Amino acid sequence: IAIITQFWKISTHAAGMFGMMTVLLLLKYDQPATGYDVLCWVFALATVLVCISRVYLGIHTVMQILVGSALATGVTMIVFYMFGKGM
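Residues numbered from 1 in each chain as written. Predicted model: local features only at pLDDT ≥ 70, side-chain atom pairs only at ≥ 80, totals over all residues. Heavy atoms only, no water.

A. Seen up close, a nonpolar patch on the surface. Together, L71, V75, I78, V79, Y81, M82 and F83 make up an exposed nonpolar region whose accessible area comes to about 740 Å². Summarising the element assignment, Y81 is placed in helix α3 (residues 62-83). (Patch = residues over 30% accessible without salt bridge, like charges linked within 9 Å, V, L, I, M, F, W, Y side chains within 5 Å. Areas by Shrake-Rupley, 256 points an atom, 1.4 Å probe, with all protein chains shown as cover. Salt bridge = Lys/Arg side-chain N within 4 Å of Asp/Glu carboxyl O. Helix = DSSP H or I, 4+ residues; strand = E, 2+ residues; numbered from the N terminus.)

If you want it as structure tokens, here you go:
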């Protein structure tokens, strides 16, 4: 994940948050509504706030956030699919 050059870097903050968010959603997938829904929404809000703050502080560009998010989501889904825990 740490693809870093002098001019461009993937956001590992976004990757970490989206990876955990993907795990939460895959565990929740096709389950009845419970208090777990509140946890998912709170964590989704935290994920968005972390990503916005990284751009606001000028540490990352929107593209770096999107690439980190997509990479973590994809890797997490592949791992869940390989081990039969989700989907």
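There is more to say, and it comes next.
B. Here's a closer look at the environment of V55. Among the secondary structure elements, V55 is positioned in helix α2 (residues 36-56). If near-sequence neighbours (up to four positions away) are discounted, V55 is found in contact with H60, T61, V62 and I65. (Contact = heavy atoms within 4.5 Å.)

C. Structural view of the nonpolar core. Listed in full, the five residues of the largest apolar core are M17, M21, L24, C40 and F43. Of all elements in the fold, only α1 (12-28) and α2 reach the threshold of two or more residues within this core. For this core, the element with the most residues is α1, which contributes three residues. The residues touching M21, leaving out its near neighbours within four places in the chain, are C40, F43, A44 and T47. (Core = buried A, V, L, I, M, F, W, Y, C linked by side-chain atoms within 4.5 Å. Buried < 20%, exposed > 50% of the residue type's maximum accessible area, 1.4 Å probe, protein only.)

D. Here's a closer look at the packing of α1 against α2. Where α1 meets α2, the closest approach of the two axes is 10 Å, and the angle between their N-to-C directions is 165°. In terms of axis orientation, α1 runs roughly antiparallel to α2. For the pair α1 and α2, the sense of crossing is left-handed. Across the interface between the two elements, H13, A14, M17, F18, M20, M21, L24, L25, L27 and K28 from α1 touch Y36, D37, L39, C40, F43, A44, A46, T47, V50, C51 and R54 from α2. When grouped by side-chain class, the residues that make up the contact of α1 with α2 number 16 nonpolar, two polar and three charged. (Axes fitted to C-alpha atoms, helices over the stretch in contact; angles between N-to-C directions. Parallel < 35°, antiparallel > 145°, perpendicular 65-115°, else oblique. Left-handed = near helix turned anticlockwise from the far one by under 90°. Nonpolar A, V, L, I, M, F, W, Y, C, P; charged D, E, K, R; others polar.)

E. Region of the structure containing the environment of M20. As for its position among the elements, M20 is in helix α1. C-alpha of M20 to C-alpha of F43: the two residues are 23 residues apart in sequence and 8.7 Å apart in space.

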